[in-house]
Structure formats: C-alpha cells, structure tokens
Amino acid sequence: MEAFTTHTGRAVPLRRSNVDTDQIIPAVWLKQVSRTGFEKGLFAAWREDPEFVLNRPEYQGASILVAGPDFGTGSSREHAVWALQQYGFRAVVSARFGDIFRNNATKMGLLPIQLPEDVVEGMQDKIAANPAKEFTIDLEARELRCDEGGVQTFEIDDYTRWRLLEGLDDIGLTLRHSDAIGDYEAKRQPWLPVTA
Amino acid sequence: MGRTLADKVYDAHVVRSAEGEPDVLYIDLHLVHEVTSPQAFDGLRMANRTVRRPDLTIATEDHNVPTTDILAPIADPVSRTQVETLRKNCAEFGVRLHPMGDAGQGIVHVIGPQLGLTQPGMTIVCGDSHTSTHGAFGALAFGIGTSEVEHVLATQTLSQRKPKMMAVTVNGELPYGVTAKDLILAIIARIGTGGGQGHIIEYRGEAIRSLSMEGRMTVCNMSIEAGARAGMIAPDETTFAYLEGRPHAPSGADWEAAKEYWRSLRTDDDAVFDKEVVIDASELTPFVTWGTNPGQGAPLAASVPEPSSFADPTHRAAAERALEYMGLTAGTPLRDVTVDTVFVGSCTNGRIEDLRAAAEVIKGRKVADGVRMLIVPGSMKVKAQAEEEGLNEVFTAAGAEWREAGCSMCLGMNPDQLKPGERSASTSNRNFEGRQGKGGRTHLVSPAVAAATAVTGRLTAPADL
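Residues numbered from 1 in each chain as written. Chains lettered and ligands numbered in written order. Predicted model: local features only at pLDDT ≥ 70, side-chain atom pairs only at ≥ 80, totals over all residues. Heavy atoms only, no water.

### Points about the packing of aromatic side chains
Residue and element names in this part refer to chain A.
Alright, step 1. According to the stated counting rule, one finds 17 aromatic pairs over all chains in the structure shown.
Alright, step 2. When the ring of F38 is compared with that of W82, the centres are 5.6 Å apart and the planes differ by 45°; the resulting orientation is tilted. Taken as a pair, F38 in the loop between α1 (21-24) and β2 (64-67) and W82 in helix α2 (residues 79-87) lie far apart in primary sequence, 44 residues in all.
Alright, step 3. You can call F38 buried: its relative accessible area is 0%.
Alright, step 4. Here W82 falls in the buried class, since its relative accessible area comes to 1%.
Alright, step 5. Ring centres of F71 and F101 lie 5.3 Å apart, and the angle between their planes is 75°; on these two criteria the pair is classed as edge-to-face. Linking F71 in the loop between β2 and α2 with F101 in helix α3 (residues 99-108), this pair joins segments that are 30 residues apart in sequence. (Phe/Tyr/Trp six-rings, centres within 6.5 Å; stacked < 30°, edge-to-face > 60°. Helix = DSSP H or I, 4+ residues; strand = E, 2+ residues; numbered from the N terminus. Buried < 20%, exposed > 50% of the residue type's maximum accessible area, 1.4 Å probe, protein only.)

### Some remarks on the pattern of salt bridges
As a working rule, side chains carrying opposite charge can pair if their charged atoms are close by.
Alright, step 1. All told, the structure shown has 42 salt bridges over all chains when counted by the stated rule.
Alright, step 2. With a shortest N-O distance of 2.5 Å, K438(B) and E48(A) are connected by a salt bridge. Within this pair, whereas K438(B) is found in the loop between β18 (423-426) and β19 (441-444), its partner E48(A) is found in the loop between α1 and β2, the two belonging to separate chains.
Alright, step 3. In this structure, the salt-bridge partner of E61(B) is R87(B), at a minimum N-O distance of 2.7 Å. (Salt bridge = Lys/Arg side-chain N within 4 Å of Asp/Glu carboxyl O.)

### Here's the deal with the interface of chain B and chain A
Alright, step 1. Contact residues are listed per partner, giving 80 residues for chain B and 58 residues for chain A.
Alright, step 2. Our enumeration of links across chain B and chain A arrives at 35 residue pairs in polar contact (both at pLDDT 80 or more).
Alright, step 3. It is helix α5 (residues 146-155) of chain B that contributes the most residues to the side of chain B that touches chain A, 7 residues altogether.
Alright, step 4. By residue class, the composition of the side of chain B that touches chain A is 28 nonpolar, 31 polar and 21 charged. (Contact = heavy atoms within 4.5 Å. Polar contact = N/O pair within 3.5 Å; in protein donor to acceptor, adjacent residues only side chain to side chain. Nonpolar A, V, L, I, M, F, W, Y, C, P; charged D, E, K, R; others polar.)

### Focus on helix α6 (residues 180-191) of chain B
Residues and elements named next belong to chain B.
Alright, step 1. For α6, with 12 residues, the first-to-last C-alpha span of 17 Å sits near the 16 Å given by 1.5 Å per residue.
Alright, step 2. The buried fraction of α6 amounts to 10 of the 12 residues, a majority that puts the element mostly inside the structure.
Alright, step 3. A180, K181, D182, L183, I184, L185, A186, I187, I188 and I191 are the residues of α6 that are buried.
Alright, step 4. Among the residues trailing α6, G192 stands out with phi positive, at a value near 90°. (Expected span 1.5 Å × (residues − 1).)

### Some remarks on the side chain of R188(A)
Alright, step 1. Inspection of the secondary structure puts R188(A) in the segment after α7 (178-186).
Alright, step 2. Within the local environment of R188(A), its side chain forms a polar contact with the side chain of D28(B), the two groups lying 2.7 Å apart.
Alright, step 3. When sequence neighbours within four positions are dropped, the list of residues in contact with R188(A) reads Y26(B), D28(B), R53(B) and L56(B).

### A short note on the packing of helix α13 (residues 352-362) of chain B against helix α15 (residues 391-398) of chain B
Packed helix pairs are characterised by how far apart their axes lie and by the angle those axes make with each other.
Residues and elements named next belong to chain B.
Alright, step 1. At a closest axis distance of 10 Å, the pairing of α13 and α15 adopts a crossing angle of 45°. The angle between α13 and α15 places the two elements in the oblique class. Note on packing geometry: the crossing formed by α13 with α15 is left-handed. Only L391, V394, F395 and A398 of α15 make contact with α13, whose side of the interface consists of I352, L355, R356, A358, A359 and I362. (Axes fitted to C-alpha atoms, helices over the stretch in contact; angles between N-to-C directions. Parallel < 35°, antiparallel > 145°, perpendicular 65-115°, else oblique. Left-handed = near helix turned anticlockwise from the far one by under 90°.)

### As for the packing of helix α2 (residues 38-46) of chain B against helix α3 (residues 77-93) of chain B
Residues and elements named next belong to chain B.
Alright, step 1. It is at 10 Å that the axes of α2 and α3 come closest, and there the two elements cross at 40°. It follows that α2 is oblique to α3 by the angle criterion. Note on packing geometry: the crossing formed by α2 with α3 is left-handed. Residues P38, F41, L44 and R45 of α2 lie in contact with α3, whose contacting residues are Q82, T85, N89, E92 and F93.

### Some details on the sheet that holds strand β9 (residues 164-171) of chain B
Residues and elements named next belong to chain B.
Alright, step 1. Spatial ordering of the open sheet is given by β11-β10-β9-β12, a layout of 4 strands whose pairing is parallel. Edge strands, defined here as strands with exactly one partner in the open sheet, are β11 (230-232) and β12 (275-280). Here the average twist between neighbouring strands, direction ignored, is 20°.
Alright, step 2. Relative to β12, β9 runs parallel, the two sharing 6 bridges. The residue of β12 that forms the bridge with V170 is I279. (Pairing = 2+ DSSP bridges.)

### Observations concerning the sheet that holds strand β17 (residues 401-402) of chain B
Within a sheet, neighbouring strands are paired by backbone hydrogen bonds and run either parallel or antiparallel to one another.
All names here are of chain B.
Alright, step 1. Ordered by their spatial adjacency, 5 strands build an open sheet running β17-β16-β15-β18-β19, and the pairing between neighbours is parallel. Only two strands of the sheet have a single neighbouring strand rather than two, namely β17 and β19.
Alright, step 2. Pairing between strand β15 (residues 341-344) and strand β16 (residues 372-375): 4 bridges, direction parallel. Residue V342 lies in a different strand from β16, and its bridge partner there is M373.

### Here we look at the side chain of K107(A)
Alright, step 1. Within the element layout of this structure, K107(A) appears in helix α3.
Alright, step 2. Here K107(A) is in contact with M1(A), R163(A), D170(A), S147(B), E148(B) and S159(B), once residues within four sequence places are set aside.

### Quick notes on the pairing of strand β4 (residues 111-114) of chain A
Regular strands show a simple pattern: their side chains alternate between the two faces of the sheet.
Residue and element names in this part refer to chain A.
Alright, step 1. In this sheet, β4 lies alongside strand β3 (residues 91-94) in parallel orientation, the contact comprising 4 bridges. The residue bridging S94 from the neighbouring strand is Q114, located in β4.
Alright, step 2. This β-α-β element, β3 to α3 to β4, shows right-handed connectivity. (Right-handed = clockwise from strand over helix to strand, strands pointing away.)

Right, dumping it as structure tokens:
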C-alpha cells in the first residue's frame with residue numbers, strides 16, 4: 001500500500017449525495033482482471049456530460065474530492081477506490097461514507113476524511129469560489145488545512161493512521177499471528193462445514 | 001450486561017485482540033465469485049502465498065454469466081476472460097468451483113444456503129456487499145473488498161473492529177399480500193441509506209419470526225442498502241427445519257449438538273443496542289421505489305413525491321435529480337408509471353418462493369403487450385425445482401422468458417440489460433442510475449408486484465388485478 005503522510009493539492013467539489021460505487025465505476029468496468037486502467041471508468045456515465053465538474057478545466061489536476069454525504073454506498077467493489085486513485089485522487093472528503101468503501105480506501109491508501117455536512121458544504125463553496133485554492137492534509141496531525149488559514153481536524157483511529165503513515169499491508173501484520181490462528185482452528189466446533 | 005446475537009457470534013470468532021488494535025476475526029466460510037477475486041489471487045501469487053483453508057472456500061460463476069446458451073463460450077471476450085481466470089485460479093489454489101453449466105452453479109448468496117454451508121453462528125464473507133443475505137440464519141456475514149478477499153484467502157481471518165449494534169423490531173403481522181421485500185423497502189425508506197452505517201442490524205419481532213427463511217434472506221440481503229455492515233436474525237425452529245438434511249448441514253449427534261449451541265444464539269434480555277427502530281408491520285402495504293437510491297421509496301398507492309416536500313435540502317436536491325433521471329413528474333400516482341421490462345431474480349428475490357409468488361400472480365394471465373418479462377432463477381437448483389413444479393410453464397405460457405441462473409439484470413454485467421430510457425420493475429436490490437444498463441430506470445418491487453406489473457404494464461399490486 002502507498003503510504004499517506006501529508007498531501008497538498010487542489011480540490012474538486014462534487015455536490016451530490018449518495019454517490020454510490022456504481023456511479024464511481026459502472027459494472028462494465030469490473031470485468032477487467034488487472035489492477036490498472038480503472039481511471040478511464042471513473043464516473044464514466046457522468047463524465048459524458050461536458051459540464052460535469054470533473055470535466056471543467058479549472059478542476060484538472062485536483063487531487064482531493066469533496067463530495068456530498070453517503071459517498072461510496074452500495075457495492076463492495078474495490079475498483080471504486082482503484083479508479084479514484086488512478087485518476088489522481090489521494091483523499092475524499094464527505095459527511096458520511098459507505099462502510100465497505102471506507103474500509104477498502106484505507107486498505108489502499110486513499111484517505112477518507114469524514115467531516116460534518118456543513119463543513120463539507122462550506123469547503124465546496126470556497127472551492128467553487130476559487131478553484132485554485134490549495135489544501136494540505138496532515139495525517140500525523142489529523143488536520144485538513146486551507147492555504148488561506150483555517151484548520152479542520154478530523155477523526156481517524158490510531159491504528160489505521162499508523163498503518164497509512166507507514167504504508168503497511170494488513171496481510172503481513174496478520175501473518176505475525178499465524179500461531180494464534182492455528183490455535184483457534186484447533187478448537188473450532190466439529191460440526192462446522194467444509195466445502196471440500 | 002447481556003450480549004446481542006451479533007456480539008455472541010463476533011466474540012466466538014476473535015482469534016486475538018489487543019488494546020488499540022483491530023481484532024483478528026476468524027472466518028468460517030469464504031464465498032468467491034469471478035468479479036472481485038482475480039486481483040486477490042494475483043496478490044497471493046506475487047507474494048508466494050497460498051490459500052490457507054481451501055476447504056472453507058467455495059467459488060461460483062454468477063455476475064458475468066449469460067442466461068441463455070450457457071454451454072456455448074461466453075460471447076463477450078472480457079467476461080469470458082474473467083470467468084476463465086476464476087477457473088484457472090480455483091484449479092491452481094485448490095478451491096471448489098461451481099462453473100457455468102454445473103448443476104450446483106448459481107448466485108453466490110443462493111448456493112451457500114442451498115448447500116447447507118450457511119449455518120447459524122458462523123462468520124461468512126464474500127467480495128460482494130449482499131453477503132449480508134446469510135445473516136438470515138444467525139450468521140455474521142458481510143461484504144468485503146478485494147484487498148480483504150486476499151487477506152481471507154491468505155489467513156482465513158480479517159482485521160476487524162466490532163461494529164455497533166442496531167435493532168429493527170417489526171411488531172405485529174404483515175397484512176395479506178405484503179411481503180418481506182415490501183418490509184425491507186419500507187425499513188430502508190424509514191432509516192435512510194446511511195441509517196445503519198457502522199452497525200449490524202438485528203431484525204426482531206413477531207413479523208420477522210413469522211417470515212420463512214427465504215423471506216428472512218430477502219430482508220437481510222438489503223441491509224447493505226440501509227448502510228449496515230450486516231443484518232442478522234436469531235435462529236429458531238424455522239431455521240433448523242430449513243437446514244436439516246441439506247448436503248453440508250450437520251447430521252446425527254452433530255446435528256443435536258449444533259442445535260443446542262444454535263439455540264443459545266439469541267440476544268440476551270438485558271442486552272443494550274446502540275440504536276433501535278420499531279416498525280408496525282400491520283401498517284405496511286406493497287412498497288416500490290421511485291428514485292435512484294433504495295431509500296427513495298413509497299407505498300405503491302402513493303404518488304411520486306414533490307421534492308419540495310423534503311425538509312432536508314440534501315434530500316430535496318437528491319429527489320430533484322432522481323426525478324429528472326427517472327423521467328418522472330412529481331404528483332404522478334405510482335400506479336400510473338408504465339414499464340417496458342420486468343425482472344424477477346437476483347440474490348434478493350431469485351429463490352424458489354420468489355418464483356412461486358410471481359407464478360401465482362401471473363398464472364392464467366398474460367404479460368402485457370410491449371412488456372418484456374425475464375425470469376432468472378437464483379441457481380440451477382432453484383431452476384430445476386421450479387421446473388419440477390411446472391413454474392417454468394406458467395411463466396412461458398404467460399409470455400415471460402425462462403432463463404438460466406445468474407445475477408443477470410440486477411447489474412447487467414451479462415447481456416441482460418436495459419437500454420437507455422427503458423424502465424423496469426425489478427425484484428433486485430439497487431435502483432442506482434445505470435445499474436441495470438446505461439440510462440436504464442429501475443423501480444424496486446417484490447416478486448408479486450413484479451408479476452402484477454407485467455400483466456398491466458404499469459406498477460401494480462396483485463390486489464389491483
């Protein structure tokens with residue numbers, strides 16, 4: 001996983017609620033068996049509209065997506081996270097995230113930043129007024145800072161923050177407990193089914 | 001303090017817990033399909049890892065599979081490659097697979113319960129959000145992403161924090177003609193698509209206890225549409241009766257021992273939920289969605305809402321956008337909304353009882369002119385059972401298309417899709433923009449409403465016929 005420490009970049013306001021993972025990446029894109037090339041499918045249906053916010057010249061190169069509440073609801077497709085990252089996003093700000101999306105994001109190093117809805121709307125207004133505005137995300141300090149001053153702190157648990165700061169993989173961490181897993185397996189109920 | 005059903009199942013699977021760290025949670029059953037697994041198997045290969053417990057893993061082909069001509073190679077080369085990749089991966093890593101054409105093939109969430117692999121008290125995961133279906137048995141079952149699929153393949157565990165607990169208590173009796181699907185659509189409309197976020201929902205109360213296992217699966221299936229991590233229902237005699245004698249269910253002395261343990265899987269009287277919602281079943285009527293998220297639903301007898309009727313500006317904006325996408329005018333009675341496609345199937349409503357419910361309504365009637373009705377059984381076993389009961393003949397005599405098993409038009413990864421502007425009444429789980437095909441418009445309904453709608457070409461309850 002790519003480590004996340006600090007990031008400075010411009011942001012793009014996506015003023016829609018319930019941006020489900022089918023919108024982030026439509027199902028037709030899920031047929032790929034590789035892990036790359038998903039940026040082309042990001043918001044594929046919406047991007048056909050030239051007025052869609054990601055198509056506007058002032059937002060090209062933005063790396064922080066500031067979206068309405070309930071971002072990433074629906075399907076468990078991690079392809080949604082891959083598509084956002086491969087397009088160039090490092091963080092998504094929303095008032096609420098779908099649980100599976102949030103989990104997938106933190107596994108891949110895309111930072112989900114949850115802030116109150118009025119704060120998110122305030123950010124969207126500021127960005128719309130000045131798309132060149134830069135924000136800095138400081139994960140160590142749990143801060144989202146605006147270039148003209150203004151600091152917003154966000155919550156993230158210590159463990160996830162540490163994993164993101166270090167860019168650590170869960171599998172390697174869990175495999176350190178292989179013995180405990182073996183001990184657990186020895187005590188499982190005898191009637192539990194096997195597929196073999 | 002007492003513990004909830006979910007607490008009990010969760011606690012029994014903690015391999016390791018340490019202050020400030022997520023728990024290592026053991027997974028009893030890992031279901032795999034072709035869409036969310038290829039990159040996970042690749043990850044194993046790159047790291048020289050193996051599947052720790054292929055004997056607790058089972059795979060099926062469901063999302064991409066065509067529902068006609070299943071013995072021919074898949075025409076879409078990208079879909080074909082994905083299915084072939086699953087076959088290669090299962091062969092290489094020793095995972096049991098039910099491929100297209102196999103009598104055991106079907107939607108991943110239909111075959112688990114059908115085989116008796118889904119049992120009370122288990123932890124079950126799959127790279128698929130509708131894994132919550134299996135919670136109907138009192139299992140803790142939830143969807144994961146591909147990184148976590150790889151994690152489970154490698155370690156048979158997940159790194160987890162215990163979610164919060166939410167109770168949805170449904171008192172009273174569902175009126176005649178009101179089904180599990182109407183109930184869950186009404187619950188989602190009530191609590192919203194984010195209402196269950198961070199929680200496991202336990203469905204309780206008289207109306208839940210009265211549901212069949214298939215109805216319970218429909219309810220738990222759509223927990224994710226209410227934003228919940230999982231949905232659960234405590235096991236009872238209905239559960240045991242469904243399980244007994246299934247291929248992978250315990251037998252003999254094991255069966256008795258298992259039942260004794262399963263009976264302990266109920267929420268203690270003094271347990272406390274973080275959130276609680278109470279619903280009166282007797283007030284419910286057939287329910288349909290009018291918008292583009294599953295929370296945008298209303299009783300079939302109601303009209304398309306005025307966006308201005310939503311106090312919350314975010315909901316108002318979402319409703320305006322939804323009506324535009326759906327091509328609907330506020331104030332139109334939902335019964336006047338015409339459809340050109342009816343889809344009966346999916347992991348929500350593709351089981352035998354769902355097909356029986358649809359067949360009962362359409363028997364002796366005809367699908368309206370200009371309407372296409374697709375019946376897609378959830379598994380080949382469901383298909384065989386339906387054919388044994390003659391349901392296929394009921395459907396084809398009415399003018400519906402009788403198909404092979406798969407996810408089909410629920411998400412249109414195979415050729416079963418809506419064309420731009422087409423409108424469906426669908427027994428599936430998501431009415432998102434473009435979900436059933438780019439530009440397609442979806443109304444979520446129960447199998448009975450789907451069948452009645454096919455007859456009239458307008459959103460219709462069986463009682464209206």
